[in-house]
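One letter stands for each residue in the lines below.
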Amino acid sequence: MTPERWSRLEEIFDAALARPEPERESFLAEACGGDAELLAHARRLVAAHDGAGAFMNTPPLAEAAPEDLKGQRAGPWLIEDLIGRGGMGTVWRAVRDDGAYAHEAALKVIRRGFDSAEITERFRRERQFLALLNHPNIARLLDGGATADGRPFYVMELVEGEPITEWCWKRKLALRERLRLFLDACAAVAHAHSNLIIHRDLKPANIFITREGLVKLLDFGIAKFFLPDLPSPIETQAAQGVMLTPAYAAPEQIAGQPVTTATDVYALGLVLYEMLTGSRAQDVTTNSPLDWRRIVCETAPARPSAAVSESGVHPPSGLRGDIENIVLKALQKEPARRYQTVQQFAEDLERFLNGLPVKARADSLYYRAERFVRRNKLAVASAALVVLSLAGGLAVALYQARIAAYHFQSVKSLATALLNEIHPAIEDVPGATKARLLIVKRSLEYLDKLTAANPRDPALLTEVSQAYAAIAAIQGNRNRSNLGDYAGAMRSYRKSIEFRKRIEEIAPSPRNRQWIALMYAEAARVYPTTDESLEFARSAVAIGEELALTAPGKHDAWVLPNTLFGLGYILTQQEDAPRAIEAFERARKNYVEIRRRSNHWSVCDRYLGLNWLVLGRPEKSVFHYKRALEVDTERMKKDKSPRAEMDTSYDYEGLARSYEALGRLEQALEQARVTERMRLRLAAQDPNDQRARLGLADVEEVIGSILSRMGKKAESLRYLNRAIEARRGFVQATPDSPEDEYELGRALAAAAGAYRRLGQANLAQEHAAEARALFKKLGRGLSLAALEREVTEVTASTRDGGAH
Amino acid sequence: MQQLPEKPQEADVTQLLIEVSEGDAAAVNRLLPLVYNELRRLASSYLQRERAGHTLQATALVHEAWLRLVDQTRVEWRNRAHFFGVAAQMMRRILVDHARAHVAEKRGGGAVHVSLDNELEISNERHAELIAIDEALTALARFDPMKSQIVELRFFGGLSVEEIAAVLNSSTATVNRHWRMARAWLYSHITGARADEQE
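Residues numbered from 1 in each chain as written. Chains lettered and ligands numbered in written order. Predicted model: local features only at pLDDT ≥ 70, side-chain atom pairs only at ≥ 80, totals over all residues.

Enquirer: Can you help me understand the overall build of chain B in this one?
Expert: Regarding its fold elements, chain B presents eight helices and zero strands. Reading chain B from its N end, one meets helices and strands in the order α-α-α-α-α-α-α-α. Sequence separation of at least 24 residues holds for 73% of the intrachain contacts in chain B that already meet a minimum separation of 6. (Helix = DSSP H or I, 4+ residues; strand = E, 2+ residues; numbered from the N terminus. Contact = placed C-beta atoms within 7 Å.)

Right, dumping it as structure tokens:
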């Protein structure tokens, strides 16, 4: 057949099929216009189309009958009829013929031909999940084992009944009755969640009502632990995608995004929708992932009151208002906009049942309210809250049982996952301390177990070392929100360094030495005034110098200036101002050479200014603060972040302190006022910003001191008292923090000076005594000397004043 | 066959798919053997246990190969479509080879011990049908490669109409239209051929 004739035939064939059947024959005759061969072809094709029946409707591999296990045994169980067939297994009615279990049970076994390593593993996990759960609304696990041919099976409580939706529909239950049943299902899911298990495949077919009317949750076949442990080779997002039931899948499952407890909330929302309306919220009928995406991720479900079919709640108007809003809130496409836990979902339903105002609002209102909250922040916080709510109900014994079962690799991954995935999610959540402590505790246990065998594999040592460093930072890195366990942090840092050094013995590399330097530098900051700290800081610099000489690559050029900066910081804390100045000068020079970002230059300048001030050379300080201000002013033109503004405000504050020391009080006050305005603005922007709050106390202290020198008594004391108050708050909030204690001492010393100048000797003594005690405790010799100088100097001037 | 190796050639397949999407036609030829080997390995582990009775869909096989071979974080929808296009072609080869081998074994007379239960009868009939479809499809490809490919994707690869439309950059209506006529033609070709044989 020529191409021309073939396409002519195609036209005729299509056009014929577009016509009603009785007209086809006459159409064909007419269309072929006397071409008998063409007509024969066309007739045969149309006849074949009508007569092909099921031809090619089933793909070649989709056939074969299920095996028949009836009459066979599995352990002590005798297998009876086939009850059901799932994705990976078949379920049989079974009895125990030794009488140890009087009732019939359900026996689930992997289908033969499906016992690949992956599926066997998944099956084992399901059994494991069921073993962890003990709830009246969850089918109970009774037994487990392997069949004669080696396939795993397990036996659970036999649940005979019908899916929750059908139960409601058939009995035409009232709204309240349907909700009561649904709340039982919620309780079951919440129980799973509190055991860190997400079901991931909730649907009416998995939520049964027994003949007695009891809700039973079934099939944990694709459930997963919420906390990552037992990493499974098939646990890719896409693998979950293959197993899911599109009509009951959440958008994040279709999109391959992380699954959380909010995923189960969504699925429960779908089930409730169907229970109440008699229709599916997601009408997925095709096998096409494109359709799934369109329907699940992009199409909002019809309002329940508008979707009620015959089986639904009547009259449909009963679904308007609060109950509708609750269902739709559970069905939000974005996980963060749903109820974050099943409990919250259930509580809102309880509120509805009790006639109380519910949390769910109509979408538009909710959306408008939410716009005021920064979106990312909300998402992160919600995710974190889920982790928290789970960690709260965490049973330690459960954890340990689970851990004991896993081999080396899993433990390693678990420690890493805890630190890298779970902890960051809750780091900034207020009140998460308990969960964070638990994470640290567990991680340390895993790591100690890992290293007990004295490993020599560099990859493992690297991982372990990184994990210890991460723990140390959580315990007590003073640059970020930490747990205040500084002694623990030191232990962890030492461990991290120890393992890095062991790597250096086995496989030395500049990169590894870089890490050692970094660990030394971080460890030094934990207790900055100790000898060990100074030793660490010097060791870090030594590595930095060595790297600069031997491996002058661009990517590690920052090591030397960073370690120098760290050393300068420690020396500043130890009040060794001359050496600190030397270190910061070198650090700054290096930063400029490698063109490290300009904020590194200005922070060096600020420390230089501070140290010159301590040495009593305020004119030098003015130079450095001015230079820093120049760089930072330039930077603020491009960088509108609070951080850049905060840095700049430090420059102004330094200038204010320097001018005050020079006796140029008007100028000092002017700079201090600029600082105050910036800090107030920053504190207002983010009331939770600790740095901004600390900064405000700093500048209050400076202004108070300047005003006292100007003789403005009342205003001065107001400022100083505010500063002292704030400092005391910080010291109380972060125990074992030498820096906060030092700053409290400084505020007290400033107040003592002010009181002296204002002629209030008693108050001056009181404040001086407290400051003295703090400085002594902290080993702050210079500050102590400065305090004594101030007190004497002012005493002299007061005496002078009194003589007039 | 028991021990499944780690994701084989992962990087290669992913990279090749990306190159195909970017218009590198030669990449397809390098992709074929990789996909074939993986599908063949997966399929044979299932087919070996065929008599035990199982339900296995081409879709599942192709999806499994997709998961094993391709780094899921690096690919997008179009890559997936290309992969499935190649996989369908390979599935056809595997299934037809298997059917041929099966039929040959039967004719060789070495399998008399096999009990004549219904299940096996159906399955034998199915093997013959598969071979016939394959041959008819090859004939169809000579004058209408587009239809042949659509049949391959849908029947052997287990792809949905929407997926096929994505692979061929066509509309679902067009794909449906081609499928309808191809199926009619294949049916008439095969039944006609059988009728001829009988005459």
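Enquirer: Please clarify how the overall build of chain A should be interpreted in this entry.
Expert: The helix and strand tally for chain A stands at 32 helices and 11 strands. For chain A, the proportion of its 804 residues judged to be buried stands at 44%. Taking contacts inside chain A between residues at least 6 apart in sequence as the whole, the part at least 24 apart equals 60%. (Buried ≥ 20, exposed ≤ 12 C-beta atoms within 10 Å, placed from the backbone.)

Enquirer: Would you explain helix H6 (residues 145-156) of chain B in this entry?
Expert: Three or four residues apart is the spacing at which side chains of an α-helix point the same way, because the helix has 3.6 residues per turn. Look at H6(B): 15 Å from first C-alpha to last across 12 residues, which is about the 16 Å you get at 1.5 Å a residue. Within H6(B), burial applies to Lys147(B), Ser148(B), Gln149(B), Ile150(B), Val151(B), Glu152(B), Leu153(B), Arg154(B), Phe155(B) and Phe156(B). (Expected span 1.5 Å × (residues − 1).)

Enquirer: Sorry if this is basic, but what is going on with the sheet that holds strand S9 (residues 207-210) of chain A here?
Expert: All names here are of chain A. One open sheet accounts for three strands, arranged S7-S9-S10; its pairing is antiparallel. What marks the edges here is a single partner per strand, and that holds for strand S7 (161-163) and strand S10 (215-217). For this sheet the average axis-to-axis angle between neighbouring strands, irrespective of direction, equals 35 degrees. As paired strands, S9 and S10 are joined by three bridges and run antiparallel to one another. Bridge pairing links Ile 207 to Leu 217 in S10. (Pairing = 2+ DSSP bridges. Axes fitted to C-alpha atoms, helices over the stretch in contact; angles between N-to-C directions.)

Enquirer: Honestly, the confidence of the model for chain B in this entry has me stumped. Any pointers?
Expert: Regions with low pLDDT carry predicted coordinates that are not meant to be interpreted in detail. Residues and elements named next belong to chain B. Averaged over every residue, the pLDDT of chain B is 68; residues scoring 70 or more account for 58%. Across chain B, H6 holds the top mean pLDDT of 89, while helix H3 (residues 58-69) sits lowest at 64. Across residues 106-122, confidence stays below pLDDT 50; counting only partners more than four residues off in sequence or on other chains, it has nine contacts. Prediction confidence for the complex, expressed as pTM and ipTM, is 0.43 and 0.76 respectively. (pLDDT = per-residue confidence, 0-100.)

Enquirer: Where do I start with helix H30 (residues 738-757) of chain A in this structure?
Expert: Residues and elements named next belong to chain A. Here H30 spans 28 Å end to end across 20 residues, near enough to the 28 Å set by a 1.5 Å rise per residue. Within H30, 19 of the 20 residues are buried, which leaves the element mostly enclosed by the surrounding structure. A positive phi of about 80 degrees marks Gly 759, the residue just after H30.

Enquirer: Which parts of the structure should I look at to understand the nonpolar core?
Expert: In summary, soluble globular proteins display a tendency toward joint burial of nonpolar side chains. Residue and element names in this part refer to chain A. Grouped together as the largest cluster of nonpolar side chains are 81 residues, with contacts concentrated most on Leu 107, Ile 164, Ala 185, Val 189 and Leu 268. Looking at which domains feed residues into this core, each of domain 2 (73-157) and domain 3 (161-387) gives three or more. With residues near it in sequence (within four places) discarded, Leu 268 still touches Ala 185, Cys 186, Val 189, Leu 202, Ala 330, Val 342 and Phe 345. Counting 59 residues, the second largest nonpolar core, distinct from the first, contains Ala 473, Met 519, Leu 564 and Phe 584. (Core = buried A, V, L, I, M, F, W, Y, C linked by C-beta atoms within 7 Å. Domains from an automatic or database assignment.)

Enquirer: Please explain the environment of Pro738(A) as it appears in this structure.
Expert: With respect to the secondary-structure elements, Pro738(A) resides in helix H30. Pro738(A) has contacts with Pro528(A), Thr529(A) and Leu778(A), leaving out every residue within four places of it along the chain.

Enquirer: Explain the pairing of strand S5 (residues 141-146) of chain A here, please?
Expert: Side-chain positions along a regular strand alternate between the two faces of the sheet. Pairing of S5(A) with strand S6 (residues 152-157) of chain A involves five bridges; the strand directions are antiparallel. Across the sheet, Leu141(A) pairs through a bridge with Met156(A), a residue of S6(A).

Enquirer: How should the packing of helix H2 (residues 21-32) of chain A against helix H3 (residues 36-51) of chain A be read in this particular structure?
Expert: When two helices pack together, their arrangement is given by the angle between their axes and by how far apart the axes lie. Residue and element names in this part refer to chain A. Where H2 meets H3, the closest approach of the two axes is 9 Å, and the angle between their N-to-C directions is 150 degrees. Taken as axis vectors, H2 and H3 run roughly antiparallel relative to one another. The handedness of the crossing between H2 and H3 is right-handed. Two secondary-structure elements touch here, H2 through Arg 24, Leu 28, Ala 29 and Cys 32 and H3 through Leu 38, Leu 39, Ala 42, Arg 43 and Val 46. By residue class, the composition of the contact of H2 with H3 is seven nonpolar, no polar and two charged. (Parallel < 35°, antiparallel > 145°, perpendicular 65-115°, else oblique. Left-handed = near helix turned anticlockwise from the far one by under 90°. Nonpolar A, V, L, I, M, F, W, Y, C, P; charged D, E, K, R; others polar.)

Enquirer: Would you mind showing me how to read the environment of Leu720(A) here?
Expert: Residue and element names in this part refer to chain A. As for its position among the elements, Leu 720 is in helix H29 (residues 713-733). Residue class for Leu 720 comes out buried when judged on the 26 C-beta atoms lying within 10 Å of it. Put simply, Leu 720 and Gly 704 are 16 residues apart on the chain and 5.0 Å apart in space, counted from C-alpha to C-alpha. Leu 720 has contacts with Glu 701, Gly 704, Ala 750, Ala 751 and Ala 754, leaving out every residue within four places of it along the chain.

Enquirer: Can you walk me through the confidence of the model for chain A in this structure?
Expert: Residues and elements named next belong to chain A. Overall, the predicted model of chain A reaches an average pLDDT of 79, with 79% of residues at or above 70. When the criterion is pLDDT under 50, residues 363-411 qualifies, and its contacts beyond four places in sequence or with other chains add up to 50 contacts. Every residue in residues 794-804 is under pLDDT 50, and counting partners more than four places away or in other chains gives six contacts.

Enquirer: Quick question: what am I supposed to make of the packing of helix H11 (residues 322-330) of chain A against helix H12 (residues 342-353) of chain A here?
Expert: All names here are of chain A. Remark: H11 packs on H12, axes separated minimally by 10 Å, with the N-to-C direction vectors making an angle of 175 degrees. One element, H11, and the other, H12, form an angle in the roughly antiparallel class. Along its contact with H11, which presents Asp 322, Ile 323, Ile 326 and Ala 330, the element H12 presents Phe 345, Asp 348, Leu 349 and Phe 352. For the contact of H11 with H12, the residue count by class is six nonpolar, no polar and two charged.

Enquirer: So what exactly am I meant to see when it comes to unusual backbone geometry here?
Expert: The general pattern is negative phi for most residues beyond glycine and trans for most peptide bonds. Residues and elements named next belong to chain A. A cis amide bond, omega -5 degrees, links His 314 with the succeeding residue Pro 315. One can find Pro 315 in the loop between helix H10 (289-298) and H11. For Glu 575, which is not glycine, the phi torsion reads 60 degrees and is therefore positive. Mapped onto the elements of the fold, Glu 575 is located in the loop between helix H22 (559-573) and helix H23 (577-593).

Enquirer: Got a minute to help me understand the pairing of S9(A) in this structure?
Expert: Residue and element names in this part refer to chain A. One ladder, built from three bridges, connects S7 with S9; its direction is antiparallel. If you follow Glu 162 over to S9, its bridge partner there is Ile 209. Counting the residues between successive antiparallel strands, the hairpin from S9 to S10 contains four residues, one of them, Gly 213, with a positive phi of roughly 90 degrees.

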